[in-house]
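Each chain, written out:
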Amino acid sequence: MQITTVSKLEMTEIKNLIAGILNLPESNIFDEDSVPDVSSLDRFVTVLNISQTEIGKEILYFGNEEEEVISTLKEATITVKTYGNDAYDLLCKLTESMKLTPVWQKLKKLRMGYLRCSDIENISTTSADKTICHAQVDLIFSINPIVKTEIKRGDNVNFTFEVTK
């Protein structure tokens, strides 16, 4: 049995979208679980898909194609963290820009919709020698992952009866 993913949450596309909104090079947007040495960067962003909650599911069977398709509606939460002197301002720009039509159009192509965001947290810390500016926000999206598989239909059915005494 082969299961094919038709649509799923693409974090690479989310990172590209964030880079475009914030006018940052794509090379400054990282997965939070694989951040390289960033000591030479004055600002950068990390993203992490922290949860996906199922809201509903539709299971369809197409007899002529002998194919079953499962389309799931989920709420996905992605944490975005910014680092640099304007970390908080970057997240303000990001959250406000999520409401713009060009952003919605790009998300629609990804089979996603923007729902809402959390409050922006300013998590800047000060040590003896410097201040590290850091802010974070959770972006909540609706996503529609789709998978399909081949299921052979039964054209003929034979019933066998056994008589027991």
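Below: a short report on this structure. Every value quoted in this text rests on a predicted model; they were computed, and no experiment measured them.

Description of the packing of aromatic side chains
Part 1 of the argument: A full pass over the atoms with the stated rule returns three aromatic pairs.
Part 2 of the argument: A centroid spacing of 4.6 Å and a plane angle of 10° characterise the contact between phenylalanine 44 and tyrosine 83, whose relative ring orientation is stacked. In this pair, phenylalanine 44 is assigned in strand 3 (residues 44-62) and tyrosine 83 in strand 4 (residues 67-83), connecting sequence segments 39 residues apart. Each member of the pair phenylalanine 44 and tyrosine 83 is classed as buried.
Part 3 of the argument: Between the aromatic rings of tyrosine 114 and phenylalanine 141, the centroid separation amounts to 6.0 Å while the plane-to-plane angle is 70°, which identifies the pairing as edge-to-face. Pair noted here: tyrosine 114 is in strand 5 (residues 112-117) and phenylalanine 141 is in strand 9 (residues 134-143), with a separation of 27 residues, a long-range link.
Part 4 of the argument: Judged by its relative accessible area of 1%, phenylalanine 141 falls in the buried class.
Part 5 of the argument: Through a chain of ring-to-ring contacts, three or more aromatic side chains come together here, namely Phe30, Phe44 and Tyr83.

With respect to the packing of helix 1 (residues 11-22) against helix 2 (residues 87-97)
Part 1 of the argument: At their nearest, the axes of helix 1 and helix 2 sit 10 Å apart, and the two run at 110° to each other. Classified by the angle their axes make, helix 1 and helix 2 are roughly perpendicular. Contacts between helix 1 and helix 2 involve Ile18, Ile21 and Leu22 on the former and, on the latter, Leu90, Lys93, Leu94 and Ser97.
Part 2 of the argument: Tallied by class, residues from the contact of helix 1 with helix 2 come to five nonpolar, one polar and one charged.

A short note on the environment of valine 80
Part 1 of the argument: With respect to the secondary-structure elements, valine 80 resides in strand 4.
Part 2 of the argument: Note: C-alpha distance between valine 80 and isoleucine 120 (40 residues apart in sequence) is 9.8 Å.
Part 3 of the argument: Every residue in contact with valine 80, bar those within four places of it in the chain, is listed here: Ile18, Val45, Thr46, Val47, Leu91, Leu94, Ala135, Gln136, Val137 and Leu139.

Overview of the pattern of salt bridges
Part 1 of the argument: A full pass over the atoms with the stated rule returns nine salt bridges.
Part 2 of the argument: Across the pair aspartate 86 and arginine 43 runs a salt bridge, and its minimum N-O distance is 2.7 Å. Of the two residues, aspartate 86 is situated in the loop between strand 4 and helix 2 and arginine 43 in the loop between strand 2 (29-31) and strand 3; the sequence distance between them amounts to 43 residues.
Part 3 of the argument: Judged by its relative accessible area of 24%, arginine 43 is partly exposed.
Part 4 of the argument: Between lysine 57 and glutamate 54 there is a salt bridge, and its shortest N-O distance comes to 3.9 Å.
Part 5 of the argument: For lysine 57, a relative accessible area of 49% translates into the label partly exposed.
Part 6 of the argument: According to the relative accessible area criterion, glutamate 54 is partly exposed, its value standing at 45%.
Part 7 of the argument: Connected via shared salt-bridge partners are Glu66, Glu150 and Lys152.

What counts and what doesn't
- Residues numbered from 1 in each chain as written.
- Predicted model: local features only at pLDDT ≥ 70, side-chain atom pairs only at ≥ 80, totals over all residues.
- Heavy atoms only, no water.
- Phe/Tyr/Trp six-rings, centres within 6.5 Å; stacked < 30°, edge-to-face > 60°.
- Helix = DSSP H or I, 4+ residues; strand = E, 2+ residues; numbered from the N terminus.
- Buried < 20%, exposed > 50% of the residue type's maximum accessible area, 1.4 Å probe, protein only.
- Axes fitted to C-alpha atoms, helices over the stretch in contact; angles between N-to-C directions.
- Parallel < 35°, antiparallel > 145°, perpendicular 65-115°, else oblique.
- Contact = heavy atoms within 4.5 Å.
- Nonpolar A, V, L, I, M, F, W, Y, C, P; charged D, E, K, R; others polar.
- Salt bridge = Lys/Arg side-chain N within 4 Å of Asp/Glu carboxyl O.

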